[in-house]
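Coordinates in review
Now for the letters of each chain:
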Amino acid sequence: MNLAARDLQQVAPDMEQVARRYAVAVSPQLLALVDPANPHDPIARQFLPSLAELDSRPEELADPIGDAAHSPVPGIVHRHENRVLLKAVSACPVYCRFCFRRETVGPGKGNLSAEELDAAIVYIAGHPAIEEVILTGGDPFILSPRRAGALTGRLAAIAHVRLIRWHTRVPLVDPARVTDDFVAALHAPGAVTWVAIHANHPSEFSPDARRAIARLADGGVALVSQSVLLRGVNDDAGILAALMRAFLENRIKPYYLHHPDLAPGTAHFRLRLDEGLALMRQLRGRLSGLAMPAYMLDIPGGFGKVPLESGHLEKTADGWRVRDHQGRWHPYVD
Ligand code: SF4
């Protein structure tokens, strides 16, 4: 039996309590994928609120990947010389219960004003080293085709911007938004478009989602994947292998598998690094090189993402240390 929107209160009795602290939204398309008879349903675990979210730990951070320390103007995160994040919107059609930006996304958290967006684009135009703009948020695929097209056009008109990358969950969680008009809005002369699609479990690939992804691929958009390793959702080599195959079958190159960030109220989703490393070893035996994602850690505090492999990771007496791209080591305790 599938669920409809009116059943949300019944399957998520803690919703009101959690919604006072964190944004909550579940699309009807996702709700229809939940199996209410399964107490371990991977869709429910990712999107239906639970009281465990109200348990914050001392090691958790409001800004776990350190966006604020690298934000010269509102909406821009400039951590690496040749690329920036542009957070044009702060809303999403659904709110993941493990979101790493849960303190800054949600209704009323403030999309960029027209003046702030202008200032962000002026910043990009004024830094010739920036070759790539990564549109994130929030989920930038909630923009209308008109606004998405205007943004693409303004960025592609900057001579040194060669690549525009959109990060989204929309094709899986709200596939009706991926219309032909929207796909056309992602293209403009002067820049190449890539889209990174976020999914964490093979059951997210509904027939409608597969059609939306095909519309992007057929529309000339290059696709890569992003997933988060989550306890109780995909902490199993068989599930991860099926997820990576689902990406490939849908013309999405598996790209990143993120170790979960230290976002507030998400301890129930986190694995230890040694558990994640063991899963990666099992995956190597099951997947081709084409299907293997890189296992990544965003070093808490804004030091950037690094692959969790030798050269960047060492065991210490009380945990781990990770080495950033500048060669600096940082302690990491899980
Ligand atoms: S889609 Fe991304 S930004 Fe939005 S709630 Fe999920 S993880 Fe957070």
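Refer to the structure printed above.
Here we summarise the structure given alongside this text. (Residues numbered from 1 in each chain as written. Predicted model: local features only at pLDDT ≥ 70, side-chain atom pairs only at ≥ 80, totals over all residues. Heavy atoms only, no water.)

What follows covers the site of the ligand. Around the ligand, a shell composed of Cys-92, Val-94, Tyr-95, Cys-96, Cys-99, Gly-138 and Arg-169 is seen. Grouping the amino acids of the shell around the ligand by side-chain chemistry returns 5 nonpolar, 1 polar and 1 charged. (Near = heavy atom within 4 Å. Nonpolar A, V, L, I, M, F, W, Y, C, P; charged D, E, K, R; others polar.)

As a further point, take the pairing of strand β4 (residues 163-168). Burial within β4 is extensive, with 5 of its 6 residues counted as buried. Note: strand β3 (residues 132-136) against β4, 4 bridges, orientation parallel. The residue bridging Leu-135 from the neighbouring strand is Trp-166, located in β4. A crossover connection joins β3 to the parallel β4 through helix α6 (residues 145-156); in handedness this β-α-β unit is right-handed. Relative to strand β5 (residues 192-198), β4 is paired through 6 bridges, and the arrangement is parallel. In the sheet register, Leu-163 faces β5, and the bridge partner there is Val-192. (Buried < 20%, exposed > 50% of the residue type's maximum accessible area, 1.4 Å probe, protein only. Helix = DSSP H or I, 4+ residues; strand = E, 2+ residues; numbered from the N terminus. Pairing = 2+ DSSP bridges. Right-handed = clockwise from strand over helix to strand, strands pointing away.)

Our next topic: the side chain of Lys-87. Structurally, the position occupied by Lys-87 is in strand β2 (residues 83-87). A distance of 3.1 Å separates the side chain of Lys-87 from the side chain of Asp-67, its partner in a polar contact. Non-local contacts of Lys-87, meaning those with residues more than four positions away in its chain, are made with Asp-67, Gly-75, Val-77, Arg-101, Leu-112, Thr-136 and Gly-137. (Polar contact = N/O pair within 3.5 Å; in protein donor to acceptor, adjacent residues only side chain to side chain. Contact = heavy atoms within 4.5 Å.)

With that settled, the discussion passes to the packing of aromatic side chains. On inspection of all chains with the given rule, the structure shows 6 aromatic pairs. Measuring from ring centre to ring centre gives 5.7 Å for Phe-98 and Phe-269, while their planes differ by 80°; the resulting arrangement is edge-to-face. Here Phe-98 is found in the loop between β2 and α5 (114-125), whereas its partner Phe-269 is found in the loop between β7 (253-258) and α11 (273-286), with 171 residues between them in sequence. Neither residue differs from the other here; Phe-98 and Phe-269 are each classed as buried. Here Phe-205 and Phe-247 contribute two aromatic rings whose centre-to-centre distance is 5.6 Å and whose plane-to-plane angle is 80°, an arrangement assigned as edge-to-face. Taken together, the positions of Phe-205 in the loop between β5 and α9 (207-218) and Phe-247 in helix α10 (residues 237-249) put the pair 42 residues apart, joining distant regions of the chain. Side by side, Phe-205 and Phe-247 carry an identical accessibility label, which is buried. Grouped by ring-pair contacts, the aromatic residues Phe-141, Trp-166 and Phe-182 constitute a single cluster. The ring centre of Tyr-22 lies 3.6 Å from the NZ or CZ of Arg-102, which sits over that ring. Note that Arg-321 overlies the ring of Trp-329, its terminal NZ or CZ placed 4.0 Å from the centroid. (Phe/Tyr/Trp six-rings, centres within 6.5 Å; stacked < 30°, edge-to-face > 60°. Lys NZ or Arg CZ within 6 Å of the ring centre and 35° of its normal.)

All right, on to α6 then. For α6, spanning 12 residues, the distance from its first C-alpha to its last is 16 Å, which sits close to the expected 16 Å at 1.5 Å a residue. For α6, every residue scored as buried is listed here: Ala-148, Leu-151, Thr-152, Leu-155 and Ala-156. The buried side chains of α6 occupy one side of the element, clustering within an arc of 125° when seen end-on. At its buried positions, α6 is contacted by β2, α5, β3, β4 and α8 (180-185). (Expected span 1.5 Å × (residues − 1). Arc of directions from axis to C-beta.)

Here we take up the sheet that holds strand β10 (residues 313-316). With respect to topology, 3 strands assemble into an open sheet ordered β10-β11-β12, the strand pairing being antiparallel. Unpaired on one side and paired on the other, β10 and β12 (329-332) mark the two borders of the sheet. Strand-to-strand twist in this sheet, taken as the mean axis angle between neighbours without regard to direction, amounts to 30°. As defined by bridge partners, strand β11 (residues 319-323) adjoins β12 across 4 bridges and the pair is classed as antiparallel. For Arg-323, the partnering residue across the bridge sits in β12 and is Trp-329. Along the sheet, α11 contacts β10, β11 and β12; its crossing angle with β11, the most-contacted strand, is approximately 65°. (Axes fitted to C-alpha atoms, helices over the stretch in contact; angles between N-to-C directions.)

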